[in-house]
Amino acid sequence: MTLRSTFAQADSLLYRLRAAGTLLGVTDNTLRGYADHAGIAVRRASDLTPGAPAVRVFEPDTLFRLAQWRRAQNYVKAPAAGSGPVVVTVDVIKGGTGKTTTSVETALHLQLLGLRVLLVDLDVQANATQLMGYEPDLTLDEAEAYGVAPAAIVQDTFASVLMPFLEGRQRNQPVRTLPAGVIKKPFGEHGPHLIPADTFLGDIEPALANAKGQRELYLRQLIAASLAGATPGLDLSVYDVIVFDCPPSVSFTSTAAIAAADLVIAPIRLDAFSVKGLTKLMSEIDGLDAAYHVRPELIILPTHYAPQLARIGRMQTQLNQYRDLIAPCAISASEEFPKSLDSYLPLTLQKPTCHPSKEYRLFAEHLHGRILALAAARRRTAS
């Protein structure tokens, strides 16, 4: 029996020309040209099913390879080499707003736009980890019974990264070498990478609470140390973007992720409780600015949008006071998002042409522009 590398049935993901073009944001003819000139093997339906038409079918790995090829050909814009990763933290102090979905879908679309993305799951519920194909509750002994290889089991989390760093800082010692398998690659080397979560991730909360010094800045310092080559086994310089998916509650972990961020995305479900959570988030950003002169840019992303509901109009009126911070697009309400968790796959990879997937593509394109601008400003400052 061939064991899968994730819990997702990724082998079933095959895209015809139209769906593949939608994922890359190009026309059918442009995609044909890419397939002919990139030197990347593209399978045919007849290779998989005898008697089927000999039409091209694209796998996720093929599309991610094509995205990186486009970048190498300068067909898409990317941050200049050496600019370091732009940190995007997705956070709002309210559950059910689409925070994890936004983290995963944004990471996926930015990778398809040619960026190199690392998604870090900071929530013990580990929903981002599940959407990326991993089941955090199972052990190595159970892997084969579920038809998966040991690589599909979560053995290390962000705690495996942060705890040695905190220990080294507290003892004024070098950071010990980090576990080799802490970074997962669910869609291959050329897809978005993941540092997963499980229940043991909760260990970092008391560790941060009891740490000496500027606890809120430890994630920021960890990233800087990695870029300086001081975290053996963790090289963050290879990424253009790091996306932190935060828990939906006030915590030292979330505050540290906000302090580490260049951009904070606040997915706001258009109801009163979510708007209150936004106010709390903004107060937290103000506090970091006052204490450490750290102020990430804030982007408000309306989610669960349904124009036929009266409360949507009322909430939109409330959000108008933040109009300069609101993304130029919204994410529609859809029953498809919770269903995608059962398949261990992002909705975009399951249904690339569905309306919510296209909306996240538009948001990622907006975010892509902001990331390029931040990276360019950082390069100018450094020079």
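Per an unreviewed UniProt entry, the protein chain goes by the name Cellulose biosynthesis protein BcsQ and belongs to Sphaerotilus sulfidivorans.

**Student:** What should I look at first to understand the pattern of salt bridges in this one?
**Tutor:** Should their charged atoms come close, side chains of opposite charge can pair. Throughout the structure, instances matching the rule amount to 15 salt bridges. With a closest N to O distance of 2.9 Å, Asp61 and Arg65 form a salt bridge. Taken together, the positions of Asp61 and Arg65, both in helix H4 (residues 60-72) and 4 residues apart, correspond to about one turn of that helix. Given the relative accessible area of 29%, Asp61 is considered partly exposed. A salt bridge links Arg116 to Asp240, with the nearest nitrogen and oxygen atoms 3.7 Å apart. Here Arg116, found in the loop between helix H5 (99-112) and strand E4 (117-121), pairs with Asp240, found in the loop between helix H9 (218-227) and strand E6 (241-245); they are 124 residues apart in sequence, far enough to count as distant. When its relative accessible area of 33% is taken as the criterion, Arg116 is described as partly exposed. On the basis of relative accessible area, Asp240 is assigned to the buried category, the value being 6%.

**Student:** Teacher, can you tell me more about the packing of aromatic side chains here?
**Tutor:** For any pair of aromatic rings, the description rests on two quantities: the centre-to-centre distance and the angle between the ring planes. In this structure the tally under the stated criterion is 8 aromatic pairs. Their ring planes at 55° and their centres at 6.3 Å tell us that Phe7 and Tyr146 sit as a pair that is tilted. In this pair, Phe7 sits in the segment before helix H1 (17-24) while Tyr146 sits in the loop between helix H6 (127-131) and helix H7 (159-171), placing the two residues 139 residues apart along the sequence. Owing to a relative accessible area of 10%, Phe7 belongs among the buried residues under this scheme. Judged by relative accessible area, Tyr146 falls into the partly exposed class, the value being 46%. The rings of Phe7, Tyr146 and Tyr344 are connected pair by pair, giving a single aromatic cluster.

Thresholds, definitions, all that
- All residue numbers refer to positions counted from 1 along the written sequence of the respective chain.
- Whole-chain, interface and lining totals are the exception, using all residues; otherwise, since this is a predicted model, local features are given only for residues with pLDDT of at least 70 and side-chain atom pairs are given and counted only at 80 or more.
- Each side-chain value is worked out from all heavy atoms of the structure, with water and hydrogens disregarded.
- A pair is scored as a salt bridge if a Lys or Arg side-chain nitrogen falls within 4 Å of a carboxyl oxygen belonging to Asp or Glu.
- Each helix corresponds to a stretch of at least 4 residues labelled H or I by DSSP, and each strand to a stretch of at least 2 residues labelled E; elements are numbered beginning at the N terminus.
- Partly exposed residues are those whose accessible area sits between 20% and 50% of the maximum for their type, while under 20% is buried and over 50% is exposed, using a 1.4 Å probe and protein chains only.
- Between 30 and 60 degrees the pair is tilted, below 30 it is stacked and above 60 it is edge-to-face, where a pair is any two Phe, Tyr or Trp rings, Trp via its six-membered ring, whose centres lie within 6.5 Å.

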